[in-house]
Amino acid sequence: MAENNRTLGAIYPDDMWLDYDINRMLDEIRKYLPEQVPMVSARTHVPMFAEDSEPADGSSVELGIWLAENGDIEAAASRLMRLKPSVFAYYCTTASFVQGVAGDEALKKRVEEATGLPCTTASTAIVKALHCLGVKRVATASPYMEDVNQALISFLAECDIEVVNSNPLHYLQDHGIVPPETIREAARRSDVGEADAVLISCTGQKTADFISELEEELGKPVVTSNQATGWQALQMMGVEPRLPGRGILFEN
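Here is what the cut-offs are and how they apply
Residues numbered from 1 in each chain as written. Predicted model: local features only at pLDDT ≥ 70, side-chain atom pairs only at ≥ 80, totals over all residues. Heavy atoms only, no water. Helix = DSSP H or I, 4+ residues; strand = E, 2+ residues; numbered from the N terminus. Rg over C-alpha atoms; globule rule 2.2 N^0.38 Å. Buried < 20%, exposed > 50% of the residue type's maximum accessible area, 1.4 Å probe, protein only. Contact = heavy atoms within 4.5 Å. Areas by Shrake-Rupley, 256 points an atom, 1.4 Å probe, with all protein chains shown as cover. Lys, Arg positive; Asp, Glu negative; His and termini not counted. Charge placed at Lys NZ, Arg CZ, Asp CG, Glu CD. Phe/Tyr/Trp six-rings, centres within 6.5 Å; stacked < 30°, edge-to-face > 60°. Core = buried A, V, L, I, M, F, W, Y, C linked by side-chain atoms within 4.5 Å. Pairing = 2+ DSSP bridges. Right-handed = clockwise from strand over helix to strand, strands pointing away. Axes fitted to C-alpha atoms, helices over the stretch in contact; angles between N-to-C directions.

Undergrad: Can you help me understand the overall build of the protein in this one?
TA: On a plain count of helices and strands, the protein comes out with 10 helices and eight strands. Taken over the C-alpha trace, the protein has a radius of gyration of 17 Å; the compact-globule value for 252 residues is 18 Å, and the two agree within 12%. Summarising its shape, the C-alpha atoms of the protein cover approximately 50 × 45 × 35 Å along the three principal directions. Split into buried and exposed, the 252 residues of the protein put 57% on the buried side. At a minimum sequence separation of 6, the contacts of the protein that also span at least 24 residues come to 76%. In the structure as shown, the protein presents an accessible area of about 10400 Å², 49% of it carried by carbon and sulfur atoms. When the 21 positive and 38 negative side-chain charges of the protein are each reduced to one mean point, those points stand 7 Å apart.

So, in structure tokens, the structure goes:
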């Protein structure tokens, strides 16, 4: 693994706290990588809070900014260097869009300066994927609280993508344990005729096994955080992103 020049270094925030849930998420990320591309990963800390804590302590804008700025991301990337990844991908959509395009670019730059290797983020990859598909208007589904949902809408607007409808589920924490059928139904309900595509935002969502089916049902592309991030990382490694059953993005 250490000698492979096409290894993905994945960094993700641990807001699940159980190995069972973490392993399910890592399995989901790997579903967007071909067998010949290994992945090494490192997690960053997310503080657990009591049920009676204020929302600002949970999966809100404040927490997203803390996750982006506390130094854990570049520290995790530096730890992964001994496993010799060729590119890095940061698998948290919220932390990469919550401070807008400038914040996303700053996050990538910090990883690149810490490691000397290229880096993408879930938010960067989503925008590239939507632009690649010619999407101007999008409907979104997510587990987010409303403040994070509004930050996503603002970020996409900066990138010339209009959100014409959104369906946030208002999960304060534990995004990674949202049942796949719940986020699929949220995406279905969010779709409207004027949307060119549907975006399922949040790397904690398990979408790989239904993307193609949902696209056929809705008659339009479905882009998800993990799907787009894998797609972009493969391009950065010089690997053609083609996988069956992972949506039209992996067929172009």
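Following the structure, the description resumes.
Undergrad: How should the packing of aromatic side chains be read in this particular structure?
TA: Ring pairs (aromatic) are described by centroid distance and by the angle formed between their planes. Scanning all chains against the criterion turns up three aromatic pairs. Three or more aromatic residues link up through ring pairs in this structure, and these residues are F97, Y144 and F155.

Undergrad: What is the right way to look at the nonpolar core in this model?
TA: Across soluble globular proteins, nonpolar side chains have a tendency to be buried as a group. Grouped together as the largest cluster of nonpolar side chains are 62 residues, with contacts concentrated most on L8, F97, L156 and M237. Ignoring any residue separated from it by four or fewer positions in sequence, one finds F97 in contact with S123, Y144, V148, A151, L152, F155 and S201. Membership of the second largest hydrophobic core comes to 19 residues, among which are A68, C92, L107 and L117.

Undergrad: What is the right way to look at the environment of T120 in this model?
TA: Mapped onto the fold, T120 is located in strand β4 (residues 119-121). Considered as a pair, T120 and F210 are 90 residues apart in the sequence and their alpha carbons are 25 Å apart. Contact partners of T120, with chain neighbours within four places excluded, come to F88, A89, Y90, K108, A125, Q232 and M236.

Undergrad: Explain the pairing of strand β5 (residues 137-142) to me, please; I cannot follow it from the model alone.
TA: Both faces of the sheet carry side chains from a regular strand, because those side chains alternate between them. For β5, the tally of buried residues reaches five of six residues, placing the bulk of the element in the interior. Here six bridges tie β5 to strand β6 (residues 162-168), and the two strands are oriented parallel to one another. Following the sheet pairing, A139 is matched in β6 by N165. One crossover worth recording links β5 to the parallel β6 by way of helix α7 (residues 146-158), and it is right-handed. One ladder, built from four bridges, connects β5 with strand β7 (residues 197-200); its direction is parallel.

Undergrad: What am I meant to see in the sheet that holds strand β8 (residues 222-224) here?
TA: One key point about sheets: their strands pair by backbone hydrogen bonds, in either a parallel or an antiparallel sense. Spatially, four strands are ordered β6-β5-β7-β8 in an open sheet, and the strand pairing comes out parallel. Since the sheet does not close on itself, it has two edges, and those belong to β6 and β8, each with one partner. If you compare each strand with its neighbour and ignore which way they point, the axes differ by 20 degrees on average.

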